[in-house]
Amino acid sequence: MNKKIKVLIIPSDTQGVGHFRSIWPAQALEKHFGDEIEVEINHQPNINNIAYFQSFDIVHFHRHIGPYEGSAELFPKIQESGTLLVMDIDDFWEPPTTHPLYEIVKMEKLGEKISNNLRLSDYVTTTTDVFAGYIKKYN
(Lines give C-alpha, C1' and ligand atoms only; values in the text may rest on other atoms or scores of the structure.)
Protein backbone atom coordinates (compact mmCIF):
# COMPACT_ATOMS: atom_id res chain seq x y z
CA MET A 1 0.00 0.00 0.00
CA ASN A 2 1.30 3.44 -0.93
CA LYS A 3 1.75 6.12 1.68
CA LYS A 4 -0.82 8.92 1.61
CA ILE A 5 0.37 12.39 0.65
CA LYS A 6 0.12 14.55 3.76
CA VAL A 7 -1.00 18.12 3.09
CA LEU A 8 -1.15 20.94 5.61
CA ILE A 9 -3.52 23.75 4.65
CA ILE A 10 -3.05 27.11 6.39
CA PRO A 11 -6.05 29.32 5.52
CA SER A 12 -5.78 33.08 5.88
CA ASP A 13 -9.12 33.12 7.72
CA THR A 14 -12.25 31.02 8.18
CA GLN A 15 -14.41 33.14 5.89
CA GLY A 16 -13.86 34.86 2.56
CA VAL A 17 -10.48 34.09 1.00
CA GLY A 18 -9.52 31.39 3.51
CA HIS A 19 -12.86 29.67 3.18
CA PHE A 20 -13.09 29.65 -0.59
CA ARG A 21 -9.41 29.29 -1.56
CA SER A 22 -8.20 26.97 1.21
CA ILE A 23 -10.91 25.24 3.24
CA TRP A 24 -13.28 24.27 0.42
CA PRO A 25 -10.49 22.91 -1.81
CA ALA A 26 -9.07 20.99 1.18
CA GLN A 27 -12.47 19.43 1.81
CA ALA A 28 -12.78 18.54 -1.89
CA LEU A 29 -9.35 16.87 -1.84
CA GLU A 30 -10.37 14.69 1.09
CA LYS A 31 -13.76 13.89 -0.45
CA HIS A 32 -12.46 12.94 -3.88
CA PHE A 33 -8.94 11.71 -3.11
CA GLY A 34 -9.17 10.56 0.52
CA ASP A 35 -7.49 7.25 -0.33
CA GLU A 36 -4.42 9.10 -1.61
CA ILE A 37 -4.30 12.37 0.33
CA GLU A 38 -4.53 13.18 4.03
CA VAL A 39 -5.40 16.84 4.66
CA GLU A 40 -5.01 18.80 7.87
CA ILE A 41 -6.33 22.35 8.21
CA ASN A 42 -4.55 24.49 10.80
CA HIS A 43 -5.33 28.21 11.01
CA GLN A 44 -2.45 29.10 13.32
CA PRO A 45 0.34 26.53 13.36
CA ASN A 46 3.19 27.07 15.79
CA ILE A 47 5.89 28.49 13.51
CA ASN A 48 8.58 27.45 16.00
CA ASN A 49 7.72 23.75 15.58
CA ILE A 50 9.65 23.02 12.39
CA ALA A 51 9.24 19.26 12.87
CA TYR A 52 5.46 19.73 12.64
CA PHE A 53 5.75 21.40 9.22
CA GLN A 54 8.30 18.83 8.09
CA SER A 55 5.86 16.00 8.91
CA PHE A 56 3.88 17.04 5.80
CA ASP A 57 4.70 16.47 2.15
CA ILE A 58 3.06 19.76 1.15
CA VAL A 59 2.25 22.94 3.07
CA HIS A 60 -0.26 25.18 1.27
CA PHE A 61 -0.69 28.71 2.63
CA HIS A 62 -2.12 32.07 1.63
CA ARG A 63 0.62 34.72 1.24
CA HIS A 64 2.59 33.93 4.42
CA ILE A 65 3.30 31.56 7.28
CA GLY A 66 3.75 33.63 10.42
CA PRO A 67 5.31 37.09 10.15
CA TYR A 68 6.63 38.03 6.70
CA GLU A 69 9.92 39.09 8.26
CA GLY A 70 10.65 35.49 9.30
CA SER A 71 10.04 33.86 5.91
CA ALA A 72 13.68 33.92 4.73
CA GLU A 73 14.65 31.84 7.76
CA LEU A 74 11.50 29.72 8.19
CA PHE A 75 10.88 28.57 4.61
CA PRO A 76 14.28 26.91 4.03
CA LYS A 77 14.05 25.13 7.39
CA ILE A 78 10.71 23.61 6.39
CA GLN A 79 11.94 22.77 2.89
CA GLU A 80 15.17 21.07 3.99
CA SER A 81 13.23 17.88 4.75
CA GLY A 82 11.69 17.83 1.26
CA THR A 83 8.41 19.46 2.27
CA LEU A 84 7.04 21.52 -0.61
CA LEU A 85 5.74 25.02 0.10
CA VAL A 86 2.82 26.10 -2.07
CA MET A 87 1.82 29.73 -1.76
CA ASP A 88 -1.65 30.87 -2.76
CA ILE A 89 -2.33 34.44 -3.80
CA ASP A 90 -5.53 35.91 -5.17
CA ASP A 91 -4.74 39.56 -5.77
CA PHE A 92 -1.94 41.78 -7.02
CA TRP A 93 0.60 42.76 -4.36
CA GLU A 94 1.42 46.12 -6.00
CA PRO A 95 -1.90 47.99 -6.06
CA PRO A 96 -2.36 51.15 -8.16
CA THR A 97 -2.33 54.54 -6.45
CA THR A 98 -6.14 54.59 -6.70
CA HIS A 99 -6.47 51.54 -4.43
CA PRO A 100 -7.90 52.42 -0.99
CA LEU A 101 -5.05 50.61 0.79
CA TYR A 102 -2.24 51.88 -1.45
CA GLU A 103 -0.55 54.04 1.21
CA ILE A 104 -0.63 51.25 3.81
CA VAL A 105 0.74 48.69 1.34
CA LYS A 106 3.62 51.02 0.46
CA MET A 107 4.35 52.04 4.06
CA GLU A 108 4.38 48.42 5.25
CA LYS A 109 6.41 47.34 2.18
CA LEU A 110 3.85 44.60 1.66
CA GLY A 111 4.68 44.24 -2.04
CA GLU A 112 8.32 43.44 -1.23
CA LYS A 113 7.31 40.97 1.47
CA ILE A 114 4.87 39.14 -0.78
CA SER A 115 7.23 39.01 -3.76
CA ASN A 116 9.91 37.61 -1.46
CA ASN A 117 7.55 34.81 -0.41
CA LEU A 118 6.77 34.14 -4.06
CA ARG A 119 10.50 33.58 -4.66
CA LEU A 120 10.95 31.40 -1.56
CA SER A 121 8.00 29.10 -2.33
CA ASP A 122 8.26 25.94 -4.41
CA TYR A 123 4.99 26.56 -6.25
CA VAL A 124 2.27 29.21 -6.41
CA THR A 125 -1.48 28.81 -6.95
CA THR A 126 -3.55 31.75 -8.16
CA THR A 127 -6.83 32.81 -9.72
CA THR A 128 -6.20 33.60 -13.40
CA ASP A 129 -3.77 33.00 -16.23
CA VAL A 130 -3.17 36.76 -16.49
CA PHE A 131 -2.21 36.95 -12.82
CA ALA A 132 -0.07 33.82 -13.20
CA GLY A 133 1.89 35.69 -15.88
CA TYR A 134 2.90 38.34 -13.34
CA ILE A 135 3.79 35.71 -10.77
CA LYS A 136 6.05 33.81 -13.18
CA LYS A 137 8.44 36.76 -13.07
CA TYR A 138 9.17 35.74 -9.46
CA ASN A 139 8.53 32.02 -9.47
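The structure presented is a predicted model; accordingly, all values stated were derived computationally and were not measured.

Reading the values: rules and limits
Residues numbered from 1 in each chain as written. Predicted model: local features only at pLDDT ≥ 70, side-chain atom pairs only at ≥ 80, totals over all residues. Heavy atoms only, no water. Helix = DSSP H or I, 4+ residues; strand = E, 2+ residues; numbered from the N terminus. Buried < 20%, exposed > 50% of the residue type's maximum accessible area, 1.4 Å probe, protein only. Contact = heavy atoms within 4.5 Å. Areas by Shrake-Rupley, 256 points an atom, 1.4 Å probe, with all protein chains shown as cover. Lys, Arg positive; Asp, Glu negative; His and termini not counted. Charge placed at Lys NZ, Arg CZ, Asp CG, Glu CD. Salt bridge = Lys/Arg side-chain N within 4 Å of Asp/Glu carboxyl O. Core = buried A, V, L, I, M, F, W, Y, C linked by side-chain atoms within 4.5 Å. Phe/Tyr/Trp six-rings, centres within 6.5 Å; stacked < 30°, edge-to-face > 60°. Lys NZ or Arg CZ within 6 Å of the ring centre and 35° of its normal.

### Some remarks on the overall build of the protein chain
Here comes step 1: Per the secondary structure count, the protein chain includes six helices and five strands.
Here comes step 2: Reading the secondary structure of the protein chain in the N-to-C direction produces β-α-β-α-β-α-β-α-α-β-α.
Here comes step 3: Dimensions of the protein chain, computed from the C-alpha atoms along their principal axes, are close to 55 × 30 × 25 Å.
Here comes step 4: Considering the protein chain as a whole, with its 139 residues, one finds that 34% of them fall into the buried category.
Here comes step 5: Across the protein chain, contacts joining residues at least 24 apart in sequence account for 69% of those joining residues at least 6 apart.
Here comes step 6: For the protein chain, the accessible area works out to roughly 8500 Å², and carbon and sulfur atoms hold 54% of it.
Here comes step 7: Of the charged side chains in the protein chain, 13 are positive and 19 negative; the average position of the first set lies 3 Å away from that of the second.

### A closer look at the pattern of salt bridges
Here comes step 1: For the structure on display, the rule yields five salt bridges.
Here comes step 2: Between E69 and K113 there is a salt bridge, and its shortest N-O distance comes to 2.8 Å. Of this pair, E69 sits in the loop between β3 (58–62) and α3 (71–79) while K113 sits in helix α5 (residues 110–120), and the two are 44 residues apart along the sequence.
Here comes step 3: For K113, a relative accessible area of 22% gives the class partly exposed.
Here comes step 4: Ionic pairing is found between E73 and K77, a salt bridge with its closest N-O pair at 3.0 Å. Residue E73 and its partner K77 are located together in helix α3, separated by four residues, close to a single helical turn.
Here comes step 5: A relative accessible area of 34% means that K77 is categorised as partly exposed.

### Quick word on unusual backbone geometry
Here comes step 1: The phi dihedral of R63 is positive, around 70°, even though this residue is not glycine.
Here comes step 2: When its relative accessible area of 17% is taken as the criterion, R63 is described as buried.
Here comes step 3: Of note, the phi angle at K109 is positive, near 55°, even though the residue is not glycine.
Here comes step 4: Mapped onto the elements, K109 comes out in the loop between α4 (102–107) and α5.

### Let's talk about the nonpolar core
Here comes step 1: F53, V59, I65 and I89 are the most contacted members of the largest nonpolar core, which has 21 residues in total.
Here comes step 2: Grouped together as the second largest cluster of nonpolar side chains are five residues, V7, A26, I37 and V39 included.

### What about the packing of aromatic side chains?
The description of two aromatic rings rests on the distance between their centres and on the angle between their planes.
Here comes step 1: Tallying each qualifying case throughout the model produces four aromatic pairs.
Here comes step 2: Between the aromatic rings of F20 and W24, the centroid separation amounts to 4.9 Å while the plane-to-plane angle is 85°, which identifies the pairing as edge-to-face. Pair noted here: F20 and W24 are both in helix α1 (residues 16–33), with a separation of four residues, about one helical turn.
Here comes step 3: Among the residues examined, W24 registers a relative accessible area of 47% and is labelled partly exposed.
Here comes step 4: Members of the aromatic cluster, connected to one another through ring pairs, are Y52, F53 and F56.
Here comes step 5: Cation over ring: K6 sits above F56, and NZ or CZ is 5.0 Å from the ring centre.

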